[in-house]
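Observations on the three-dimensional arrangement
The residues making up each chain are set out below.
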Amino acid sequence: MAPNKMTLTYFDGPGRAEISRLIMAYAGVDFEDKRIDFAEFSRLKPSLPYGQLPTLEMDGKCLCQSTTIARYLANKYNLTGHCAMSAAQADEVVDALNDMQGKLFPVYLALKDPAAAKEKLAEALKVCTPGFANLEKRLEARGGQFLAGNTLTWADLHLHVVTNLLVTCGGDAALAGCFKIKDLNSRVAALPNIKKWVESRPVTKV
Amino acid sequence: YEDHRLESPFINAEPWVAYKPSTPYGQLPVLKDGDVEIAQSMTIARYVANKFGLGGNNPLESAQMDEVVDALSDATEKQYNAFLFEKDETKKAALQKAFNEEVLPNTFKNLEKRIEGRGGEYMAAGRLSWADIMFYHFAAELPDKEVIKGYAKLNALFNKVANLPKIKSWVERRPDSAV
């Protein structure tokens, strides 16, 4: 009997689930990309282990916490590098990116109100500008091609997610001197499975 | 291992200001293992846990540990914001109230259910892991020591970890600090 498809449940948008979607797209995994609205979420919430999304369901088990889900999938589909140190280097970059992503979410949520968004962006850039500068240096120090283990890992995919968010929020200025990051992003975007996913995924209206 | 401590920047900014540019992300902690250096607190903890047998033996076990740690990190961040980072007294009081009345009870309620669903004794994989130690640390740092007693399985786990000989001896001999 073939194993059932995994189901990733989240809202309709990139947010905290896109990294997991990208990992599975890259690995060519056929998964259920379940997107629910707020009304459905309110109904579901009491039954969720931490009252939050995303969740990953597989073989009757439910796993929560966005970064945990992504790391589990990255391990499953060989995107954590070749050894414990590479895996740790990937984790490290993901943690740093999560710090920045956390500061950008309030901007994303305020985009309908340009004045509020501008103010929140200024706050977010206080973290993101040095943040991306540090990652540029980290990338250079690790050979300039990939963020961890000198091979493609989920950290490089997460970079792609967070820089997209940065640009959506109007924060391109933070990438000004980050030539190697921009180069890595182009290479990730050009990977056939990533390109296909980006072209075919549901478009979210902000 | 070498437990290198810098004076808290809340007390004296100089040592940290001097050290900061040499850190990968302008933050602490940082771990050096031979020639290699890694940053990010949870990454360091996970790396050390895996190295010394307190991590998962397969991806699912590791994920179950990560999940609990992530949930505790969310709550820790909110506590840090209230206790440490927020300077405005009114906002600070509001954040602390929200933490005490919503964040903490929800976190403990969810974890009590989670631990019950996983055998009732440990947070993950049916044995002691870094998730249990992280939980112990989180609960031990809470200003109100009574809250945990309202959650039977969590309280039992807390006491179990607290009484592990090596944990107990570390807690007794470690340097005191405000942070």
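Description of the structure in this document. (Residues numbered from 1 in each chain as written. Chains lettered and ligands numbered in written order. Predicted model: local features only at pLDDT ≥ 70, side-chain atom pairs only at ≥ 80, totals over all residues. Heavy atoms only, no water.)

Some thoughts on the interface of chain A and chain B
- Between chain A and chain B, the contact holds 28 residues from the first and 27 residues from the second.
- Together chain A and chain B conceal approximately 2,400 Å² of surface at their shared face, both sides included; 54% is due to carbon and sulfur atoms.
- Summed over the three residues of chain A that lose the most area to chain B, namely Y50, M85 and E92 of chain A, the buried surface amounts to 24% of that side.
- Counting every contact that joins chain A to chain B gives 2 salt bridges.
- The salt bridge involving D66 of chain B is made with R71 of chain A; its shortest N-O contact spans 2.7 Å.
- Along the contact surface separating chain A from chain B lie 14 residue pairs in polar contact (both at pLDDT 80 or more).
- Elements represented by at least two residues in the side of chain A that touches chain B include exactly strand 4 (61–64), helix 3 (66–76), helix 4 (84–109) and helix 5 (114–141) of chain A. (Contact = heavy atoms within 4.5 Å. Buried area = accessible area lost by both parts, 1.4 Å probe. Salt bridge = Lys/Arg side-chain N within 4 Å of Asp/Glu carboxyl O. Polar contact = N/O pair within 3.5 Å; in protein donor to acceptor, adjacent residues only side chain to side chain. Helix = DSSP H or I, 4+ residues; strand = E, 2+ residues; numbered from the N terminus.)

Observations concerning the packing of helix 5 (residues 130–140) of chain B against helix 6 (residues 152–162) of chain B
Residues and elements named next belong to chain B.
- Relative to each other, helix 5 and helix 6 sit at 100°, their axes nearing to 9 Å. In terms of their interaxial angle, helix 5 and helix 6 are classed as roughly perpendicular. Where helix 5 abuts helix 6, its residues D132, I133, F135, Y136, A139 and A140 lie against L154, L157, F158, V161 and A162.
- A class-by-class count of the residues in the contact of helix 5 with helix 6 yields 10 nonpolar, no polar and 1 charged. (Axes fitted to C-alpha atoms, helices over the stretch in contact; angles between N-to-C directions. Parallel < 35°, antiparallel > 145°, perpendicular 65-115°, else oblique. Nonpolar A, V, L, I, M, F, W, Y, C, P; charged D, E, K, R; others polar.)

Points about unusual backbone geometry
- Note that the residue after L53 of chain A, namely P54 of chain A, is joined by a cis bond; omega there is 5°.
- If you trace the backbone, P54 of chain A turns up in the loop between helix 2 (38–44) and strand 3 (55–58).
- Here L28 of chain B and P29 of chain B are connected by a cis peptide whose omega angle stands at 0°.
- Position of P29 of chain B among the secondary structure elements: in the loop between helix 1 (14–19) and strand 1 (30–33).
- A positive phi angle, near 45°, is found at D59 of chain A, a position not held by glycine.

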